[in-house]
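Working through the structure, step by step
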Amino acid sequence: MAAKIWDDHIVAAHEGEPDLLYVDLHLVHEVTSPQAFESLRMNNRRVRRPDLTVATMDHDVPTRGGRPAADQIAERQMSALEENCRREGIALYGMGHARQGIVHVIGPELGLTQPGLLIVCGDSHTSTHGAFGALAFGIGTSEVEHVLATQCLRQRRPKTMAVTVDGALPLGVTAKDVALGIIARIGVEGGRGHVLEYRGSTIRGLSMEGRMTVCNMTIEGGARAGMVVPDETTFAYLKGRPHAPRGEHWDEAVVRWKTLATDADAAFDKDVSIDATRLEPYVTWGTNPGQAVPVTGSVPNPATETDERALAYMALEPGTKIESIAIDRVFIGSCTNARLEDLRLAATVVRGQTVHPKVRAMVVPGSASVKQQAEAEGLDAIFKAAGFEWRDAGCSMCLGMNPDILGPGERCASTSNRNFEGRQGAGGRTHLVSPPMAAAAAITGHLVDVREFSRN
Amino acid sequence: MQPFTRVTGIVAPLDRANVDTDQIIPKQFLKRIERSGYGPFLFYDWRRSGDFILDRPEYRGAAVLVTGANFGCGSSREHAAWSLLDAGFRTVIAPSFGDIFKSNSFRCGLLPVELPEPQVAELIRLATEKPGIEVIIDLAAQHIAGGGFETSFGVDPFYRECLLNGWDEIALTLRQEGQIARYESTRPAWLPISR
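Predicted model, so just to flag it, every value in this text is computed and none were measured. (Residues numbered from 1 in each chain as written. Chains lettered and ligands numbered in written order. Predicted model: local features only at pLDDT ≥ 70, side-chain atom pairs only at ≥ 80, totals over all residues.)

1. Notes on the overall build of chain A
When helices and strands are counted, chain A shows 16 helices and 19 strands. In terms of C-alpha radius of gyration, chain A reaches 21 Å, essentially the compact-globule figure of 23 Å for 456 residues. When burial is assessed residue by residue, chain A has 61% of its 456 residues classed as buried. A fraction of 75% describes how many contacts in chain A between residues 6 or more apart in sequence connect residues 24 or more apart. (Helix = DSSP H or I, 4+ residues; strand = E, 2+ residues; numbered from the N terminus. Rg over C-alpha atoms; globule rule 2.2 N^0.38 Å. Buried ≥ 20, exposed ≤ 12 C-beta atoms within 10 Å, placed from the backbone. Contact = placed C-beta atoms within 7 Å.)

This is the structure we're talking about:
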C-alpha cells in the first residue's frame, strides 16, 4: 500500500535523486512553523496551496484560563501563527475555536485525513494519520517551508516492514499495549528507514481510535510512517465528517480507497509477527519507549549502559516489582490517548472512585470536540468527582511546553508517547501506560494491574 | 544554506546511544520564533547537571560530534540541528541517526555521517584518550582523516551536491513548476480542501 500511494504522488523522478512528491494535506502548528513562514517572507515566496494547508494551536497552549497565555513567549508564538495564517489565507483552528485541538486529533475529526493521501506535518507523531491508510509522516521546519512554497517534498523511497498482530486482545489490554508491545519487540530503532504496515486480525478488530494509537507510536519504534489498510471501519468513521466527500464523490472515493489494499503477493523488506493473546498491559520503566515490561513484571537488570543511565535517572532498582512503584502524578492526554474512546475507557475505571490523596491527576482532552462530547456523556463529572482536573484541549504535559509540567523527581503515570529524560518537565520521571492503567494508578497511588483493580 | 565543503575541527565524544532530540534541545527553548540563538541551550539539562563531557575545556570549539547509535531520535524539532550548528558543530558522526533528524540536518547545513559501529567506537576512544584531536572532513572526497583516524564515508549523492553548493532546495523545486502544475491538474475533484 505504501508503494501504491508513493507512486500515486510522484511529481518528478530522476535517477539518483530523491522523488519529488505531491502533498495532499499539510498540517501546521505554532511551534515548528514560524521560522518557515519567516523564511518564505524573506525570499518573497507565498504559500502555494493555502487550501491544502490547515493550522491549529496545540503544543504550547494553556489548558486553563484561555488567552492571552500567561507565558508571553508562547503567546508571541501563537500570535505569529495567527498573523501568518491571516496573511496567507490558511484555515486556523486557534484557541477558542470549537474545533481546536491537537493536530493529530482534529485532522481525522474533521474528515481531512483520508485514505490514500500524502499527509505531512512538522511533528513526528504525524504517523497517526496512517491509521486511515494515508502515507503520513513528520517533517522538520525546512521541509515545512518547502511544502508551503511548493506543495511538494523531496524524499527517498523508504523500505517497508509488515507488523502482523493476530489474535484476540486479552481483557484489560488496549491498543496502547499493542503499540508498546511492538516497540518492546522491534526496539526504538527497529523501524528506522521503513514504513510500517500494521496488519492481522487484531489490527482489523481495532476501532479507528485504537488504530490511531498504534500508528501514533510508530515513530517511537524509529519509523517515520505506519499505516493500516482502509476498510469498512475506516469508511464508517469518515462518512458524514465535515470534509469527507459527499454524494457521488463519496462513492467514487470509496471505490478508489478500496484499491489501496496491499496486493496479496506484495513483499516486505522486513516482517514481524506478534501474538496478541500473549500481550499484557505494559509499563515503561526507563527513558525510552522500548524499555517496557508487563505490569506484572519487575524492573529488569540493566543490559547496557543506556539501561544503567535510565535506571539511575528513573531512580529504580533492578528487581523492583512494577506494581510497588508509587506515583505522584497522572496525565491522561496527548495525541496518543486523548480521544473519546480513551476517556471512556479511563472513566470506566474511575467511576465511583477517588484519586489517591498523594496523587495529582489531570485529564486533557485531545480536542475541543472531544471535550464537548465527553461532557455531553457526563465523563467530566466522573473525573471531577474522583478528584481529577478537567482541562482544555492541547498537547499539555505530553511535552510540557505549557505550564503543565512535572517537578524535579516527580513520578508520573502517563498515557503519552515519550518517557525521555525531562520530557514532561526537567527531572520528571515518566511511566508510559494505557488510559485505564493510568486511571487505576491515580486511584491506588501506585502502578497497578488494571485487571486486578477491576476485579476488586 | 551555508555550503559544506571541507571542515577541520576538534572531535568531541558523546558516548551514548539513542540521544533523543528532547535531550539535544529541551522543549522550553522551542517557543522562540527565530532560527538562531539555540547554541547556549544545547544539551541543556545534561550541562546543568555538571561535569558534562562537552563542557571540558579540551573540547571547547569542537566542530565534530561523535556519538552513539540512533542519534536524534524522537521529536521532529529542527531546533536540534540548529542548536548543534549554533554551538559550532558542522558534523555529527554516529552509527545511525533518527530519520527526521538526518533529513533536517542535510537541509540546514549540518553533515550527518554514518560509520560502522566499530569505527565510531574507535573515534570515540581516540577523542576521549587524546582530547582535542582534530579531523578534516572532506565532503567532496567523502573522506575523514586526522588524529590517527582515517576513513571514507558514504552519503546521499543528492544532499552531498546540495551541501557542497549550498543550494536552496526550494529554488530547485520551483524550477519544476510545470511538472507540479501538471500533477495538480490530474488530482480528483473530491480530494479534501481545508476551506
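Now, onward.
2. Here we look at the interface of chain B and chain A
Tallying the contact residues gives 44 residues for chain B and 64 residues for chain A. Elements represented by at least two residues in the side of chain B that touches chain A include exactly helix H1 (21-24), helix H4 (99-108), helix H6 (157-165), helix H7 (169-174) and helix H8 (177-185) of chain B. If you tally residues by element for the side of chain B that touches chain A, the top one is H4 of chain B, at 6 residues.

3. Topic: the nonpolar core
Among the nonpolar cores identified, the biggest contains 198 residues, and Val330, Ala438 and Ala441 of chain A together with Val64 and Leu84 of chain B are the most heavily contacted of them. Counting residues per element, this core draws most heavily on helix H6 (residues 175-186) of chain A, at 8 residues. When sequence neighbours within four positions are dropped, the list of residues in contact with alanine 441 of chain A reads Ile327, Val330, Ala413, Val433, His446, Leu447 and Val448 of chain A. (Core = buried A, V, L, I, M, F, W, Y, C linked by C-beta atoms within 7 Å.)

4. Looking at the sheet that holds strand E15 (residues 329-332) of chain A
All names here are of chain A. Pairing within the open sheet is parallel, and its 5 strands lie in the order E17-E16-E15-E18-E19. Each edge of the open sheet carries a strand with a single partner, namely strand E17 (389-390) and strand E19 (429-432). In this sheet, E17 lies alongside strand E16 (residues 360-363) in parallel orientation, the contact comprising 2 bridges. Its bridge partner being in E17, valine 363 is matched across the sheet by tryptophan 390. (Pairing = 2+ DSSP bridges.)

5. Here we look at helix H3 (residues 79-86) of chain B
It helps to recall that an α-helix has 3.6 residues per turn; residues three or four apart then point in one direction. Residues and elements named next belong to chain B. By the criterion of burial, H3 is predominantly enclosed, with 7 of the 8 residues buried. For H3, the full list of buried residues reads His79, Ala80, Ala81, Trp82, Ser83, Leu84 and Leu85. Buried positions along H3 lie against H1, strand E2 (64-67), strand E3 (91-94) and H4. Once H3 finishes, glycine 88 follows within two positions and takes phi at roughly 105°, a positive value.

6. Digging into unusual backbone geometry
All names here are of chain A. A cis amide bond, omega 0°, links arginine 67 with the succeeding residue proline 68. Here proline 68 shows up in the loop between strand E4 (53-56) and helix H3 (72-88). In the Ramachandran plot, asparagine 44 falls in the positive-phi region, its phi being about 55° despite a non-glycine side chain. Here asparagine 44 lies in the loop between helix H2 (34-42) and E4. Backbone geometry at alanine 315 places phi at a positive 55°, although glycine is not the residue there. Mapped onto the secondary structure, alanine 315 falls in the loop between helix H11 (305-314) and E15.

7. A word on the pairing of strand E9 (residues 159-166) of chain A
Side chains on a regular strand alternate between the two faces of the sheet. Residue and element names in this part refer to chain A. Judged from the 6 bridges that link them, E9 and strand E10 (residues 194-199) form a sheet pairing that is parallel. Looking at the pairing, threonine 160 lines up with valine 195 of E10. For the handedness criterion, the β-α-β arrangement of E9, H6 and E10 is classed as right-handed. (Right-handed = clockwise from strand over helix to strand, strands pointing away.)

8. Focus: the environment of methionine 57 of chain A
All names here are of chain A. Along the chain, methionine 57 falls in the loop between E4 and H3. The buried category is assigned to methionine 57, around which 29 C-beta atoms lie within 10 Å. Expressed as a C-alpha distance, the spacing of methionine 57 and valine 28, which sit 29 residues apart in the sequence, is 8.5 Å. Not counting residues up to four positions away in its chain, the partners in contact with methionine 57 are His29, Glu30, Met78, Leu81, Gly94, Met95 and Gln100.

9. Details of the sheet that holds strand E11 (residues 225-227) of chain A
All names here are of chain A. Judged by pairing direction, the sheet is parallel, and its 4 strands sit side by side in the order E11-E10-E9-E12 without closing on themselves. Taken across any chain shown, the strands that pair with only one partner, and hence form the sheet edges, are E11 and strand E12 (270-275). Across the sheet, the axes of successive neighbouring strands diverge by a mean angle of 20°, strand direction being ignored. Note: E10 against E11, 3 bridges, orientation parallel. Paired with glutamate 197 across the strands is methionine 227, a residue of E11. Packed on one face of the sheet, H6 meets E9 and E12 and runs near 130° to E12. (Axes fitted to C-alpha atoms, helices over the stretch in contact; angles between N-to-C directions.)

10. Here we look at the environment of tyrosine 38 of chain B
Residue and element names in this part refer to chain B. If you trace the backbone, tyrosine 38 turns up in the loop between H1 and helix H2 (44-48). Classification of tyrosine 38 as buried rests on a count of 25 C-beta atoms within 10 Å. Among all residues touching tyrosine 38, those that are not within four sequence positions of it are Ile25, Phe29, His79, Trp82, Ser83 and Asp86.

11. Some thoughts on helix H13 (residues 368-376) of chain A
All names here are of chain A. All of the buried residues along H13 are Ala368, Ser369, Val370, Lys371 and Ala374. In this structure, the buried residues of H13 make contact with helix H4 (103-109), helix H12 (340-350) and helix H14 (379-386). Looking one or two residues past H13, glycine 378 carries a phi angle of roughly 80°, positive in sign.

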